[in-house]
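Architecture and fold: a report
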Amino acid sequence: PVDGGPVRFAVLGLGWFAPDVAIPAIEESDYCETTVVVSGGREKAERVAEEKGVAHALTYDDYADGEASDAYDAVYVCTPNALHLPHVETAAELGKDVLCEKPLEANGERARKCVEACEAGGVELMTAYRMHTTRSIRWVRDVVQDGAIGDPVHARGAFSYNLIAAGEDMDQWRLNPDLAGGGPLMDLGVYPMNTSRFVLDADPEAVHATTVEGPPEFDGLEKYVAFTMEFPDGQVAECDSGYEVAGDNYFEVGGTHGRIRVDVPFNVDADRTITVSKGGEEQVVEVEEPSEMVEEFDYFATGVLTDMEIEPDGRHGYEDMRIADAIYESGESGGRIEL
Ligand code: NDP
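All of the points below concern the structure found in this document. Just so it is clear, the structure is predicted and the values come from calculations on it, not from any experiment.

Thresholds, definitions, all that
- Residues numbered from 1 in each chain as written.
- Predicted model: local features only at pLDDT ≥ 70, side-chain atom pairs only at ≥ 80, totals over all residues.
- Heavy atoms only, no water.
- Near = heavy atom within 4 Å.
- Polar contact = N/O pair within 3.5 Å; in protein donor to acceptor, adjacent residues only side chain to side chain.
- Areas by Shrake-Rupley, 256 points an atom, 1.4 Å probe, with all protein chains shown as cover.
- Nonpolar A, V, L, I, M, F, W, Y, C, P; charged D, E, K, R; others polar.
- Domains from an automatic or database assignment.
- Buried < 20%, exposed > 50% of the residue type's maximum accessible area, 1.4 Å probe, protein only.
- Helix = DSSP H or I, 4+ residues; strand = E, 2+ residues; numbered from the N terminus.
- Pairing = 2+ DSSP bridges.
- Right-handed = clockwise from strand over helix to strand, strands pointing away.
- Axes fitted to C-alpha atoms, helices over the stretch in contact; angles between N-to-C directions.
- Parallel < 35°, antiparallel > 145°, perpendicular 65-115°, else oblique.
- Contact = heavy atoms within 4.5 Å.

A word on the site of the ligand
- Taken together, 24 residues are adjacent to the ligand, and W16, S39, K44, Y60 and R130 come closest.
- In the model, an oxygen atom of the ligand is placed 2.9 Å from a nitrogen or oxygen of the R174 side chain.
- For the ligand, whose unbound accessible area comes to 900 Å², protein coverage reaches 80%.
- Looking at the shell around the ligand residue by residue, the classes come out as 12 nonpolar, seven polar and five charged.
- Taken together, domain 1 (7–130 + 295–310) and domain 2 (133–290 + 321–338) each give at least three residues to the shell around the ligand, which thus spans both.

This is how it looks when you write it as structure tokens:
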């Protein structure tokens, strides 16, 4: 138990994820509470506040003006990628700690500004990568680091979703370069990218990528990206992501003495299966996961309420955006890009 809680949250961006997943997770958590909701529309904010039993409903302008700032301790940013920075800057100016959805922003430069704003304001900044609080992925990381498959040699991962076949709205922000900053790489590909870094416990030195441009409605964004990351000890991660590929969702690490694979790692609160292949034998484990969003909020709150270091922090999220910039550069030039 942590003294001094709960951490009271202002939740920004009332689309799918915040009201349907994050606010219920906050409600279920031990150390968090939603006291403010913030939306582009006042009526929407008021409706969601009423539905969720939240005391304060604000617009983004109210929030930027510091309204009701005594009513919350921390901010959870869940707006389109390129609208994270202004809200993070406001939070930093108001002295509020920040849990910011992934990707941290729409490119490296804007992500760096998020980090700098929070460092200048002396507030915490956590990048909301669920995989760091997911039991199966944490277990894989621990056993890989303990040598269960010998020396890790390579990671592989994919996360794709066919939004064309799903009949999704082509006017959505995820297909708007100015709001998304990129195509499936920014939305889905960051999962295998970041999980490779987390499990291998290393940052890449160089990338090489192939991108395939989407149909005209994608406004120049890629519909598919395959990328290779080279790590300092000679390890390699191969990942891919697409908006016209159905159902790819796996992560695996191969080592000198075996291989560990996780199936369906990246969907929120999904059932996961871990397969360990070693010495010609295969062991399959069905993992019962606690809710990773509840874990994530309680973990962040624990960091806010104690002097525990919070990871993945803003710099960790910024690193992914540097990698994404390099992937796009490589996709354009066809060359290997050093980081
Ligand atoms: P949605 O499209 O469902 O909702 C986004 C919301 O942002 C909108 O409903 C709107 O809320 C607000 N918004 C503000 N300005 C704009 C604008 N110009 N255009 C569109 N929406 C705007 O997105 P998600 O909830 O799926 O994603 C939000 C963020 O969360 C993204 O950064 C995404 O990457 C991340 N995410 C993370 C997940 C995870 O598992 N960690 C899963 C899903 C998303 P309002 O009307 O209240 O202003």
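Some details on the pairing of strand β1 (residues 7–12)
- Here β1 lies mainly inside the structure; five of its six residues are buried.
- Alignment of β1 against strand β2 (residues 32–39), held across six bridges, turns out to be parallel. Residue pairing for β2: F9 is matched across the bridge by T34.
- With helix α1 (residues 17–28) bridging β1 and the parallel β2, this β-α-β connection has right-handed handedness.
- Of the strand pairs in this sheet, β1 and strand β4 (residues 74–77) are connected by four bridges, and their pairing is parallel. Considered in β4, the bridge of F9 is made with A74.

Regarding the packing of helix α6 (residues 135–145) against helix α8 (residues 184–200)
- At their nearest, the axes of α6 and α8 sit 8 Å apart, and the two run at 40 degrees to each other. By the angle class used here, α6 and α8 are oblique. When α6 is examined against α8, the residues I137, R138, V140, R141, V144 and Q145 are found in contact with a partner set consisting of T195, F198, V199 and L200.
- In the contact of α6 with α8, the residues fall into six nonpolar, two polar and two charged.

Quick word on the sheet that holds β2
- Ordered by their spatial adjacency, six strands build an open sheet running β3-β2-β1-β4-β5-β6, and the pairing between neighbours is parallel. The sheet is open, and its two edges are formed by β3 (56–59) and β6 (125–128), each paired on a single side. Here the strands of the sheet are splayed against their neighbours by 25 degrees on average, with no regard to which way each runs.
- Bridge count between β4 and strand β5 (residues 97–101): four bridges; the pairing is parallel. Its bridge partner lying in β5, V75 is registered against V98.
- Packed onto the sheet, helix α9 (residues 292–305) meets β1, β2, β4, β5 and β6 and runs at close to 155 degrees relative to β5.

Nothing here speaks to function; it is geometry throughout.
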